[in-house]
Amino acid sequence: MSQHASPPASPYRLFDVALKRKAPLSAHLWRFTFEGPEVSQMATLAPDQRIKIFFPDPQGRPPAMALAPDWYARYKKQDVETRPPMRTYTIRALRAQDGEVDVDFVLHGETGPASTWATRARPGERLQIMAPNAAFEGDGGGYEWKPPQGLKRLLLIADETALPAVAGILEGLSALPAPPITEAFVEIPSVDDMIALATWPGLSIEWMPRNLDAPGARMLGAAQRAALPTTASKAAPILAEVNVDEAILWDVSAPDDAGFYGWVAGEAAAVLAIRRLLITERRVDKSSLNLMGYWREGRVLD
Ligand SMILES: Cc1cc2nc3c(=O)[nH]c(=O)nc-3n(C[C@H](O)[C@H](O)[C@H](O)COP(=O)(O)OP(=O)(O)OC[C@H]3O[C@@H](n4cnc5c(N)ncnc54)[C@H](O)[C@@H]3O)c2cc1C
């Protein structure tokens, strides 16, 4: 090997991007298109590909992170008053050849740095995105949509923060020769938040506007009435306790059984209640479920 061989590419890397445009998809969901020459080196591995976005610091200075192997530990040690806020988002679409990436932001008010930035942002503003590196050979992960081959039956329960992922999941499935029978339940802030989604004859989509009710109640209701596979009666497993105010709820699997797969993401306390309901009461096999807290009401979990 040459002494000057370059180090192997990392699975993830930082991308300097600028906002190209923003456009409303619905009352609360807006599409942000970012551009930058380096975006040609970005990759996305699944419709729920997660990325970290770094926003301007509290003084308004654009983020200037450098990627070191221990970047996360270093980041966590920095003063929250001066470090660039970091939040998790989903790649909705990547056009690497055009150097463009779309991220759909929920505008939930000026209560957190991401939503505040998104509400006020103008084209040209700069951010940094930690996303998969196309130069990495292999699967760098950062996604949980891992349906078994030949999946027959799918349950999706989501709120608006996971709607970008759901939209991508449905888009991908609709292109299959035989997409699974699918029930999709999407809780949205208001009736003005329904968006066009890919469809096929075996797909039912139920939009559940929450209006002024607490987030997650409609997602839980959906889990109560969703059609589920009948499972043999067996003792319900003991579920590990998760304090969703302290830790991120992330209970994921990659099942082999093509019979049924459930993908649930949204407000964490709601997803926790759905976890208990589906596994303990409705006796769904835990290994066929992905249960992910995407945000926690009243808390900041970065
Ligand atoms: C894997 C993953 C993928 C995600 N993908 C997306 C995505 O594509 N688009 C997207 O918009 N979000 C997405 N999210 C959710 C997003 O990371 C959170 O909503 C995040 O908290 C927003 O940061 P913020 O700075 O606006 O608010 P924070 O500073 O985190 O929170 C401030 C306050 O706002 C509240 N809050 C946070 N989010 C919401 C909300 N959606 N509605 C109402 N109140 C809220 C918090 O409870 C808190 O009280 C994703 C999360 C994960 C884990």
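From a predicted model like this one, the values you see are computed outputs, not experimental measurements. (Residues numbered from 1 in each chain as written. Predicted model: local features only at pLDDT ≥ 70, side-chain atom pairs only at ≥ 80, totals over all residues. Heavy atoms only, no water.)

**As for the pairing of strand β1 (residues 12-24)**
Inference 1: One ladder, built from 7 bridges, connects β1 with strand β7 (residues 126-132); its direction is antiparallel. Residue pairing in the sheet places A18 in a bridge with R126 of β7.
Inference 2: Pairing geometry for β1 and strand β2 (residues 29-35), over 6 bridges, is antiparallel. Within β2, the position partnered with R21 by the bridge is T33. (Pairing = 2+ DSSP bridges. Helix = DSSP H or I, 4+ residues; strand = E, 2+ residues; numbered from the N terminus.)

**What to know about the side chain of E187**
Inference 1: Tracing the sequence through the fold places E187 in strand β9 (residues 181-188).
Inference 2: Ignoring any residue separated from it by four or fewer positions in sequence, one finds E187 in contact with A158, D159, E160, M208, R210, A214, P215, G216, A217, R218 and M219. (Contact = heavy atoms within 4.5 Å.)

**Focus on the sheet that holds strand β12 (residues 260-267)**
Inference 1: Overall, mixed pairing links the 6 strands, which are arranged β10-β9-β8-β12-β13-β11 in an open sheet. For this open sheet the edge positions go to β10 (203-209) and β11 (250-251), each flanked by a neighbour on one side alone.
Inference 2: Summarising the sheet, β12 and strand β13 (residues 289-295) pair through 6 bridges and their orientation is parallel. Looking at the pairing, V264 lines up with L291 of β13.
Inference 3: Contacts from helix α4 (residues 217-225) reach β8 (153-159), β9, β10 and β12 within the one sheet, and its direction differs from that of β10 by about 145°. (Axes fitted to C-alpha atoms, helices over the stretch in contact; angles between N-to-C directions.)

**Description of the nonpolar core**
Inference 1: Membership of the largest hydrophobic core comes to 27 residues, with the highest contact counts inside it found for W145, L156, L163 and W263.
Inference 2: Listing elements by their share of this core, those giving two or more residues are β8, α3 (163-174), β9, β10 and β12.
Inference 3: When residues of this core are assigned to their parent elements, the largest contribution, 7 residues, is made by α3.
Inference 4: Once residues within four sequence positions are removed from consideration, W145 is found in contact with A46, P47, D48, L154, L156, I169, L173, Y261, W263 and N290.
Inference 5: Core analysis: the second largest hydrophobic core is formed by 24 residues, L155, M208, L228 and L278 among them. (Core = buried A, V, L, I, M, F, W, Y, C linked by side-chain atoms within 4.5 Å. Buried < 20%, exposed > 50% of the residue type's maximum accessible area, 1.4 Å probe, protein only.)

**Section: the packing of aromatic side chains**
Inference 1: Throughout the structure, instances matching the rule amount to 16 aromatic pairs.
Inference 2: With a centroid separation of 6.4 Å and 25° between ring planes, the pair formed by F32 and F34 is classed as stacked.
Inference 3: Judged by centre distance (5.9 Å) and plane angle (80°), the ring pair of F54 and W71 falls under edge-to-face. In this pair, F54 is assigned in strand β3 (residues 50-54) and W71 in helix α1 (residues 71-77), connecting sequence segments 17 residues apart. Residue F54 shares its accessibility class with W71, and that shared class is buried.
Inference 4: An aromatic cluster is defined as three or more aromatic residues linked by ring pairs; in this entry it consists of F32, F34, F55, Y89, F105 and W117. (Phe/Tyr/Trp six-rings, centres within 6.5 Å; stacked < 30°, edge-to-face > 60°.)

**Structural notes on the pattern of salt bridges**
Inference 1: Taken as a whole and judged by the stated rule, the model has 23 salt bridges.
Inference 2: Taking the shortest distance from any N to any O, the salt bridge between D70 and R74 comes out at 3.2 Å.
Inference 3: On the accessibility criterion, D70 (37% relative accessible area) is partly exposed.
Inference 4: For E171, the salt bridge goes to R92, with nearest N and O atoms at 2.8 Å. One end of the pair, E171, is in helix α3; the other, R92, is in the loop between β4 (86-90) and β5 (93-95), and 79 residues separate them in sequence.
Inference 5: When salt bridges with common partners are traced through the structure, they connect K20, R21, E35, R95, E100 and D102 into a single cluster. (Salt bridge = Lys/Arg side-chain N within 4 Å of Asp/Glu carboxyl O.)

**Examining the sheet that holds β2**
Inference 1: In space, the 7 strands of this open sheet follow the order β4-β3-β7-β1-β2-β6-β5, with antiparallel pairing throughout. Pairing within the sheet leaves two strands with one partner each, and these edge strands are β4 and β5. Direction aside, the axes of adjacent strands within the sheet are offset by 35° on average.
Inference 2: As paired strands, β2 and strand β6 (residues 100-106) are joined by 7 bridges and run antiparallel to one another. Pairing of W30 across the sheet is with F105, part of β6.

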